[in-house]
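# Structural features, examined
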Amino acid sequence: MSKRTVELELATPGLDAQGRPARIPLTTAEGAEPGLAEEHMLVNIGPQHPATHGVLRLVVELDGETVVRCIPHLGYLHSGFEKLGEYRHYNQIIPLTDRTDYLSPMSNNVGFALAAEKLMGIEITPRCTVLRVIACEMSRIISHMVWLGTTSIDLGAFTPFLWAFQERERIYDLQEMWTGARLTTSLTRVGGLMADIPDGFVAKLRHFTETFPKTLGEIDKVLTRNAVWAGRTQGVGTLTAAEAINRSLSGPMLRASGVAYDVRKDKPYLGYETYDFDVVVGEHGDVFDRYLVRLEECHQSNRILQQAIDRLPEGPINVDDPRVILPSKTRAMSDMEAMIFHFKQVMEGVKAPVGEAYVGIENPKGELGTYLVSDGTAKPVRWRIRPPSFINLSALPRMAEGHLLSDLIAINASVDIVMGEVDR
Amino acid sequence: MTASSPVPGTLRTEVARDGETIVFVARERLLETMRWLKETPGQEFDYLVDVTAVEFRDRERPLEVVYFLRSLKRRADIRIKVELDGAGELAVDSVWSLWHGADWLEREVFDMFGITFRGHPDLRRILMWETYAEGYPLRKSFPLRGRFSRAEQVRQALNINPEGNYSLEELSIAEAAGDLPDDMRDRLRRGERGVIPEPPA
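Residues numbered from 1 in each chain as written. Chains lettered and ligands numbered in written order. Predicted model: local features only at pLDDT ≥ 70, side-chain atom pairs only at ≥ 80, totals over all residues.

## Focus: the overall build of chain B
Tallying secondary structure elements over chain B gives five helices and seven strands in all. Seen in sequence order, chain B has helices and strands lined up from the N terminus as β-β-α-β-β-β-β-α-β-α-α-α. Among the 201 residues that make up chain B, the fraction classed as buried is 31%. Of the contacts formed within chain B by residues at least 6 apart in sequence, a portion of 50% connects residues at least 24 apart. (Helix = DSSP H or I, 4+ residues; strand = E, 2+ residues; numbered from the N terminus. Buried ≥ 20, exposed ≤ 12 C-beta atoms within 10 Å, placed from the backbone. Contact = placed C-beta atoms within 7 Å.)

And the structure:
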């Protein structure tokens, strides 16, 4: 029999006979204490929980406050995109790609278009190549800004969230200027782009690249040497390089563990080999290193953007092939041949030859792979997305083992998931 | 792949439209081939990029299980395929023992195509819920709108047992703690969950 009491000093205390503040004894338990030491607890987090970054559900087995096992449940946002793609023409799939990783829609568009062009053997124009690089790097910056903002808010830092979202807003303005949409950009078409950049876009983007590093510097000042930030993130969720490779991690998650693999450098697409930028590699593979890697990647993306603006060539954005690119409305209305091509493309779609193609691009979350299999018709037999955040998330149970429940939130945030892509 | 040393278990090779080598491997020798590719010096495919499956519209063609491998050291890629007869047993060996990254990828292929991976430690549905009874969504025989009507789907969702939201493994933790209600325990004892019903023929 034990009786545990807690003495509480009240904020507005009464006085006892001696004139001292009165202490009120609070009885918490009478009788035998439950055997909490031996008992494991099952805690359900999500799917509607702000710290799980979407509709992720984690069932956690706890020993006290320590995570023994973490079992993720997915599929709450499953939309069957891959199945839907089998019933659509190649260009009709592009709007679906916006909605997978909805934090970086433009680079998803680029990833799909590159795979379709590889399958059909299409060479895109030089202007289109550079514009797609600009689209990819703008996406990387907004995706990393969302990650930075939400992660810092998870760990209790509110100010960087506001700064990061302000920067993201400026990129969103540019996306809106270019495509008319902030999120559902549907920027690319097979063989080109939906639209060329409007007047004033380059100047606005150049202004962004000149002012953006200042914000990054401020975020760096507030977070990197912040004792609370370092204490919550250093040594948390560590993965060694061998483990990261064995678990197929990619992107900043892989590089934070010290593996210098970047698709842009090692399997270049869109002429990335001609840009001057560094692959950012971490050392410890913990949450802190993932933060450093993503922060520095923003600087590198900014460098690439500057180089891309400087080299942006004049010329057409679409390939000169009437079977792939829709003729202009004026030509379709006045020229018989153009009208036939227009009709055939709208009704039948662009046909791909029999075969298959896989193209991996370095998305903000990791390697986004698009695998297309064609049987010679205008609709793919199989459209597979290699979802980087799905695969990165699969390492979460391993990373969370043995950490505290509050660390689980930091680790989950560091994976940088987006459920639209995890569940597809 | 280096030309001098052919991959063991190779049936034939092809070159994809993106220039990558595709090696078709006998189903029985898949695990042996994968281990050889991972561990042989000069091959060292230490990174599993992706696992997926393909079913063709032509029902005569076999299903393919596709493995994308990469050697981070050599910066080289290879694609391995296993063909499965759609009418026969849809099962291959799991490569989880070589690459833990295959865990969720193989679960997804199982979930979407109904292909079993022998030796996988935890082969459960991943994107669809565990008691999902309509079949395997990415099979060509599966209609785009699903097999059940909207009314039937709602009826099933309303009829689900409370423990249906937890896996058997998780429920075992709660049971050890002694806070599982009696009716739940009874249903569990009768095996009323955790078994995926066969899709209607």
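## Focus: the sheet that holds strand β4 (residues 63-71) of chain B
Each strand in a sheet pairs with its neighbour through backbone hydrogen bonds, running either in the same direction (parallel) or in the opposite one (antiparallel). Residue and element names in this part refer to chain B. Across the sheet, which stays open at both edges, the five strands sit in the order β1-β2-β5-β4-β3 with mixed pairing between neighbours. Strands at the two margins of the open sheet, each flanked by one partner only, are β1 (10-15) and β3 (47-54). The mean angle between the axes of side-by-side strands here comes to 20°, regardless of whether they run parallel or antiparallel. As judged from the four bridges shared by strand β2 (residues 21-25) and strand β5 (residues 76-84), these two strands associate in the parallel manner. In the sheet register, I22 faces β5, and the bridge partner there is R79. In this fold helix α2 (residues 102-113) packs onto β3 and β4, with an angle of close to 5° to the strand it touches most, β3. (Pairing = 2+ DSSP bridges. Axes fitted to C-alpha atoms, helices over the stretch in contact; angles between N-to-C directions.)

## Looking at unusual backbone geometry
The phi angle of most residues is negative, glycine excepted, and most peptide bonds adopt the trans form. Residues and elements named next belong to chain A. One non-glycine residue with positive phi stands out, namely H53, at about 55°. Within the chain, S248 stands out as a residue other than glycine whose phi angle is a positive 60°. Residue position: S248 is located in the loop between α8 (241-246) and α9 (252-256).

## Regarding the pairing of strand β10 (residues 382-386) of chain A
Residues and elements named next belong to chain A. Counting buried positions over the five residues of β10 gives five, a clear majority of the element. Taking every second residue as pointing to the same face, both faces of β10 are buried, with R382, R384 and R386 on one and W383 and I385 on the other. As paired strands, strand β9 (residues 366-374) and β10 are joined by five bridges and run antiparallel to one another. Opposite L372, over in β10, you have W383 as the bridge partner.

## Describing the domain arrangement of chain B
Bring the parts together and some accessible area is lost; that lost area is often taken as the interface size. Residue and element names in this part refer to chain B. Assigned domains within chain B: domain 1 (1-126) and domain 2 (128-201). The interface of domain 1 with domain 2 comprises eight residues on the first partner and 11 residues on the second. For the side of domain 1 that touches domain 2, the per-class residue count stands at two nonpolar, one polar and five charged. (Domains from an automatic or database assignment. Nonpolar A, V, L, I, M, F, W, Y, C, P; charged D, E, K, R; others polar.)

## Looking at helix α16 (residues 405-415) of chain A
With nine of 11 residues buried, α16 of chain A is to be regarded as a mostly interior element. Within the span of α16 of chain A, buried status applies to D407, L408, I409, A410, I411, N412, A413, S414 and V415 of chain A.

## Section: the packing of helix α4 (residues 126-154) of chain A against helix α5 (residues 159-179) of chain A
When two helices pack together, you describe them by how their axes are tilted relative to each other and by the distance separating the axes. All names here are of chain A. At a closest axis distance of 8 Å, the pairing of α4 and α5 adopts a crossing angle of 155°. With respect to their mutual orientation, α4 and α5 come out roughly antiparallel. The interaxial crossing formed by α4 with α5 has left-handed handedness. Of α5, the residues touching α4 (which contributes M138, I141, I142, M145, V146, L148, G149, S152 and I153) are P160, F161, A164, F165, E167, R168, I171, Y172 and L174. Broken down by class, the residue content of the contact of α4 with α5 amounts to 14 nonpolar, two polar and two charged. (Parallel < 35°, antiparallel > 145°, perpendicular 65-115°, else oblique. Left-handed = near helix turned anticlockwise from the far one by under 90°.)

## A word on the packing of α4 of chain A against α16 of chain A
Residue and element names in this part refer to chain A. Where α4 contacts α16, the two axes come as close as 10 Å, and the packing angle between them is 180°. Regarding the angle of α4 to α16, the classification is roughly antiparallel. Across the interface between the two elements, T150, T151 and D154 from α4 touch I409, A410, A413 and S414 from α16. Taken together, the residues of the contact of α4 with α16 sort by class into three nonpolar, three polar and one charged.

## A look at the interface of chain B and chain A
With 34 residues of chain B at the interface, the matching set in chain A holds 39 residues. Among the elements of the structure, β3, α2 and α4 (168-176) of chain B are those that each provide at least two residues to the side of chain B that touches chain A. No other element matches β3 of chain B, which puts six residues into the side of chain B that touches chain A. Taken together, the residues of the side of chain B that touches chain A break down into 21 nonpolar, four polar and nine charged.

## Things to note about the domain arrangement of chain A
Taken domain by domain, chain A consists of domain 1 (1-33) and domain 2 (73-423). Averaged C-alpha coordinates put domain 1 of chain A and domain 2 of chain A at centres separated by 58 Å.

## Notes on the confidence of the model for chain A
Averaged over every residue, the pLDDT of chain A is 87; the share at 70 or more is 92%. Confidence drops under a pLDDT of 50 for residues 1-11 of chain A, and excluding neighbours within four residues, the segment shows 18 contacts in the predicted structure. (pLDDT = per-residue confidence, 0-100.)

## Some details on the nonpolar core
Core analysis: the biggest nonpolar cluster contains 151 residues, and A115 and A116 of chain A together with L69 and V109 of chain B have the highest contact counts within it. Setting aside anything within four residues of it in sequence, one finds A115 of chain A in contact with A357, Y358, V359, T370 and L372 of chain A. (Core = buried A, V, L, I, M, F, W, Y, C linked by C-beta atoms within 7 Å.)

## Some details on the sheet that holds strand β5 (residues 66-73) of chain A
Residue and element names in this part refer to chain A. Strand order in the open sheet made by the three strands is β3-β4-β5, with antiparallel pairing throughout. Looking along the sheet, the strands with just one partner apiece sit at the ends: β3 (41-45) and β5. Strand-to-strand, the axes of this sheet are offset by a mean angle of 20°, without reference to chain direction. The pairing of β3 with strand β4 (residues 57-63) spans five bridges and is classified as antiparallel. Residue N44 lies in a different strand from β4, and its bridge partner there is V59.

## Side note on helix α2 (residues 90-98) of chain A
Residues and elements named next belong to chain A. With seven of its nine residues buried, α2 lies for the most part within the structure. What α2 keeps buried is the set Y90, N91, I93, I94, L96, T97 and D98. For α2, the secondary structure elements touched by its buried residues are α1 (81-85), α3 (105-120), β6 (188-189) and β10.

## With respect to the confidence of the model for chain B
Residue and element names in this part refer to chain B. Across chain B, the average pLDDT comes to 82, with 82% of residues at 70 or higher. pLDDT under 50 marks residues 194-199. Its contacts with residues more than four places away, or in other chains, come to eight contacts. For this predicted complex, the interface confidence score (ipTM) comes to 0.84, while the overall pTM stands at 0.86.

## Things to note about the environment of A113 of chain A
Residues and elements named next belong to chain A. Considering the arrangement of structural elements, one finds A113 in helix α3. Sequence separation between A113 and N91 is 22 residues; the distance between their C-alpha atoms is 8.4 Å. Setting aside residues up to four positions removed in sequence, A113 forms contacts with T188, R189 and V190.

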